[in-house]
Structure formats: C-alpha cells, structure tokens
Amino acid sequence: METELYIGLMSGTSLDGSDCVLVEFAGQKSKLLHQLTDDYPEQLRHRLQDLIDARGHIRLEDIGSLHEQIAITYATVVGKVLAAAQVGTDRITAIGSHGQTVCHSPDSTPPFSLQLGNPSTLATLTGIVTVGDFRSADIALGGQGAPLVPAFHEWMFASPTAARVVINIGGIANITVLRPGQAVTGFDVGPGNTLMDGWASRNRGMPYDDNGTWAASGKVNAELLALLRADPYFGRMPPKSTGREHFHLDWLDGLIAQLDRAAEPEDVQATLAELTAIELGRAIESVAPEATTVGVCGGGALNQHLMSRLQQALPGRIVESTNAWGLAPEWVEATAFAWLARQRLLGQPGAIPSVTGASRAAVLGGVYVPVSDPI
Ligand SMILES: Nc1ncnc2c1ncn2[C@@H]1O[C@H](COP(=O)(O)OP(=O)(O)O)[C@@H](O)[C@H]1O
Ligand SMILES: [Mg+2]
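Residues numbered from 1 in each chain as written. Chains lettered and ligands numbered in written order. Predicted model: local features only at pLDDT ≥ 70, side-chain atom pairs only at ≥ 80, totals over all residues. Heavy atoms only, no water.

(A) Structural context of the layout of surface pockets. Taken as a whole, the second largest pocket encloses approximately 150 Å³ of empty space. Taken together, 14 residues make up the lining of the second largest pocket; nearest its centre are His67, Gln115, Leu116, Pro119 and Asp133. Of all the elements in the fold, those that place two or more residues in the lining of the second largest pocket are strand S4 (92-105) and strand S5 (112-116). Counting residues per element, the lining of the second largest pocket draws most heavily on S5, which supplies four residues. Per-class residue counts for the lining of the second largest pocket are four nonpolar, nine polar and one charged. (1 Å grid on protein atoms, 1.4 Å probe; cavity = no way out; pocket = protein on both sides within 12 Å on 5 of 7 lines; lining within 4 Å. Points joined across faces, edges and corners; volume = space filled by probe spheres on them. Helix = DSSP H or I, 4+ residues; strand = E, 2+ residues; numbered from the N terminus. Nonpolar A, V, L, I, M, F, W, Y, C, P; charged D, E, K, R; others polar.)

Written as structure tokens, this is what we have:
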C-alpha cells in the first residue's frame, strides 16, 4: 500500500513549546516515525506570556513579529526532526501546524480563535506544503472551533464493540466519547494543567509540578474546591470550549481571596489537581456512564498524582495512558494535526458537528504552498 509522510506540529495552551512528529500514513493506519519537543526559547515564551496575559503594552508590532518568530521556531523544529529521521523534505506531503493560540473566543460577537505562527513563512522556510488555520472554518459555520482532536481520536482509538472515552489533559482538559455506531461527542471540560503550572511557577519557580509531587504533599481545601467548581463554565451544556482567557491565575486569586482562612500554597496545588480530576470524572459520569475504559493523553498523563486522582474520580473504570492504546500520550495531539493536514489534502472533514456545534462538518485548514524564487 502507498505510504505518505506528514509532519504534525502542536503548541498548546501550556506554552511549553512545540511538539513535532513525523508520521507515516498508509490507508487506515498510522505509524509514528519520529518525535521531538522543542521548548520555546525563554525570551519568546516570556513575550508570548506577556501578550496572552495582556501585561504591559501590547503593540501590533509584537503580534506581527511573534507570528513570524513562532514560524521560524517551528521551521527549526521541523528541520531537527527531518535530520534526526534522515528524511528529505521532498518526501513529506505536508506539515499540519496548529499554531500558538493567543486568544480563543468562540462565544464573542463575532466569534474568533487566533493562532500565531505564519503558515506561509513556515512553508517557505521548510519548502514543504503547510496546512494551518485549522479552527476558522468550523467557527465560520457556527461551531466552537474546538476541540479538534476528537475526529482523530475516533480514527485512532475507536473500538467496534465497546464505548471508550479519551481524555486529553493539556493546558485545558477535553474529553472525546467514542461509542460504536454513534456520533462522536466531546468538549472542553475545564482547566487541565494551566492553573497547576501557573501556581507552581509563581510559588516554586518551576515550570510544572513534576509528577504532581508538590500537589501530593498538600491537602485538598474543600472550601476552595467548592468555590472553583461553582464557576458557571462547569455547569454549561456542551458544545463548549475554553482557554486561558477564562481559567487564569487572576481568576484563581479572586476565589482564594474569598476564603475564610488563608490556604497553604501546596494545599492550593492539591486542590487544583483535584479540580481537574473531579470535573473530568463528573463530566464522564454524566455523558458516558457506559464507558468502562478511559484513555488519557496530553502532558497531564505523565503526572502520576493527577492520574491517581483521576482513577479515584472514576471508580470502577480502567483509567490508563493511551500508551496502552498504541500511541504515547505526549504525541497524540501533534499526530492529530498531521492527520488533520492529511484530511485537508484529501478534502475530508476534520471537525465533528456533534462536538463543535457547527452547522455541518467542515474541511479544516488553509493550504500554504512554499514560495520559490523566480527562475
Ligand atoms: N512529568 C510530568 N509531571 C507533571 N506534569 C507534566 C509532566 N510532563 C508534562 N506535564 C504537564 O503537561 C503539560 C504539557 O502538556 P501538553 O499536552 O503539551 O499541553 P499543551 O497541549 O497545552 O501544550 C506541562 O505544562 C505540564 O503541566
Ligand atoms: Mg505542549
């Protein structure tokens, strides 16, 4: 069978950098050939963080230059993966590049979701056709433009006989419900790692709470947990999606300020882990009571403490890393964007209306062809 190579590039709300995968597709099968995470250069990460948190003065020049800087960073990562895999650019059909979300606002008027990382620049720097701007078409059709990974989850993980749930814990956590013979459903449940990362960074100077060790040293603060869970987002009916615009440290600070007694930092961290686990558990209990196995992907699957809280929140179900389902958790999302690029070139939909709420299934993304010098 004919095989095709694609590259997938994903930078999520965690702002940790970019995940890049080289994937071989053959019909209904895929094989991960190479993978790499490249952290954003420190300065780029700070500029992005400032832009997203709207700290200081946002200048249009900053947005424009970050759009290019990120594309240049991506081109470097792609080069590293191809060199390591010893594969020439001419063998790659296309890159699927999600870009870096700086504002996701599907419920505003008009709705939008803005990603940086100019796909045209990336195409030209790499010499590879690049598919980018994946969210706009779904939003134009009235959808949330998110989550976009469920179609790939279905393709990759669906079982013909049993209902399954996929949990993706990136900066934000989302679920996909796969039932044999039924339309896929799914939505953003709420914060995944983003608040834990922010709190760990502010209090301990670490980018994330490795393995959840710090959270595990604290005690859940029931009063704070109740305040966090009272946020209206959790009670909203799907379709719904969210981001750092809603769940950020100022939001957390506002609720901590309402506590009767000051909370210890490690107890806040324990409570944030609990929030992620409990809200995922509640969402799955309500929308997929029959699913006995739950596969977890995203960086959160590497957090042992979070995984054990999640198992507690889903009694009687098997909660396992997607490793057990054939794809390591940290590469699922980047592989999804390689697959979405392939869907685009095949003219096949990448979004699922029962997930995003769009009026129909959109073919996602724009195709950017490398600009070559005139001869
Ligand atoms: N060993 C680990 N222990 C705890 N958390 C981890 C570990 N590895 C990754 N993570 C978490 O996963 C996040 C990155 O997950 P990722 O799926 O890349 O999210 P995003 O798609 O939002 O970038 C990190 O910011 C961190 O919170
Ligand atoms: Mg990431």
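(B) Just a nonpolar patch on the surface, in detail. A surface patch of nonpolar side chains, about 230 Å² in accessible area, is lined by Leu345, Val367 and Val369. Residue position: Val367 is located in strand S12 (residues 366-368). (Patch = residues over 30% accessible without salt bridge, like charges linked within 9 Å, V, L, I, M, F, W, Y side chains within 5 Å. Areas by Shrake-Rupley, 256 points an atom, 1.4 Å probe, with all protein chains shown as cover. Salt bridge = Lys/Arg side-chain N within 4 Å of Asp/Glu carboxyl O.)

(C) Examining the pairing of strand S1 (residues 4-11) more closely. Among the eight residues in S1, seven count as buried, and that is most of the element. For S1 and strand S2 (residues 17-26), the ladder comprises seven bridges, and the chain directions are antiparallel. Counterpart to Met10 in the pairing with S2 is Asp19. Where S1 folds back on S2, the antiparallel hairpin that results is connected by five residues, among which Leu15 adopts a positive phi of roughly 60°. Two elements, S1 and S4, share six bridges in a ladder whose sense is parallel. Residue Ser11 lies in a different strand from S4, and its bridge partner there is Gln100. (Buried < 20%, exposed > 50% of the residue type's maximum accessible area, 1.4 Å probe, protein only. Pairing = 2+ DSSP bridges.)

(D) Layout of the packing of aromatic side chains. According to the stated counting rule, one finds eleven aromatic pairs in the structure shown. Ring centres 5.6 Å apart and planes at 65° place the aromatic pair Phe157 and Trp325 in the edge-to-face group. Residue Phe157 is located in helix H5 (residues 150-157), and its partner Trp325 is located in the loop between strand S11 (318-321) and helix H13 (332-346); the two are separated by 168 residues in the primary sequence. A single burial state applies to Phe157 and to Trp325, both of which are buried. Taken together, the aromatic side chains of Tyr6, Phe25, Phe152, Trp155 and Trp339 make up a single cluster linked through ring pairs. (Phe/Tyr/Trp six-rings, centres within 6.5 Å; stacked < 30°, edge-to-face > 60°.)

(E) Representation of helix H10 (residues 249-256) within the structure. When we look at burial in H10, the residues that qualify are Leu249, Trp251, Leu252 and Leu255. Down the axis of H10, the buried set is contained in an arc of 155°. They therefore lie on one face. Buried residues along H10 sit against helix H6 (194-204), helix H8 (222-229) and helix H11 (265-287). (Arc of directions from axis to C-beta. Contact = heavy atoms within 4.5 Å.)

(F) Expanded view of the side chain of Ser11. On the secondary structure map, Ser11 appears in strand S1. Among the polar contacts listed, one links the side chain of Ser11 to the side chain of Tyr40, at a separation of 3.1 Å. Of the polar contacts made by the side chain of Ser11, one reaches the side chain of Tyr74; its length is 2.7 Å. Ignoring sequence-local partners within four residues, the contact set of Ser11 consists of Gly17, Ser18, Tyr40, Tyr74, His98, Gly99 and Gln100. (Polar contact = N/O pair within 3.5 Å; in protein donor to acceptor, adjacent residues only side chain to side chain.)

(G) Main features of the site of ligand 1. Ligand 1 sits among 19 residues. The nearest are Ser14, Gly171, Asp197, Asn211 and Gly299. For ligand 1, an oxygen atom lies 2.9 Å from a polar atom in the backbone of Ser14. Relative to its free-state accessible area of 580 Å², ligand 1 is covered by the protein chains to the extent of 89%. Residue composition of the shell around ligand 1, by class: two nonpolar, eleven polar and six charged. Two domains each donate at least three residues to the shell around ligand 1, and these are domain 1 (4-144 + 331-368) and domain 2 (150-330). (Near = heavy atom within 4 Å. Domains from an automatic or database assignment.)

(H) Main features of the sheet that holds strand S8 (residues 172-178). Strands sit in the order S9-S8-S7-S10-S11 across an open sheet of five strands; the sheet is mixed. Edge positions in the sheet fall to strand S9 (185-191) and S11, since each of these pairs with one other strand and no more. Neighbour-to-neighbour, the strand axes of this sheet turn through a mean angle of 20°, independent of strand direction. Summarising the sheet, strand S7 (residues 164-169) and strand S10 (residues 293-297) pair through five bridges and their orientation is parallel. Along S10, the bridge assignment pairs Val165 with Val294. The sheet strands contacting H11 are S7, S8, S9 and S10, and the helix crosses S9 at an angle near 155°. (Axes fitted to C-alpha atoms, helices over the stretch in contact; angles between N-to-C directions.)

(I) Molecular detail of the packing of H6 against H11. Where H6 meets H11, the closest approach of the two axes is 9 Å, and the angle between their N-to-C directions is 170°. Considering the angle they form, H6 stands roughly antiparallel to H11. Contact residues: H6 offers Leu195, Met196, Trp199, Ala200 and Asn203, while H11 offers Pro265, Val268, Gln269, Leu272, Ala273 and Thr276. Per-class residue counts for the contact of H6 with H11 are eight nonpolar, three polar and no charged. (Parallel < 35°, antiparallel > 145°, perpendicular 65-115°, else oblique.)

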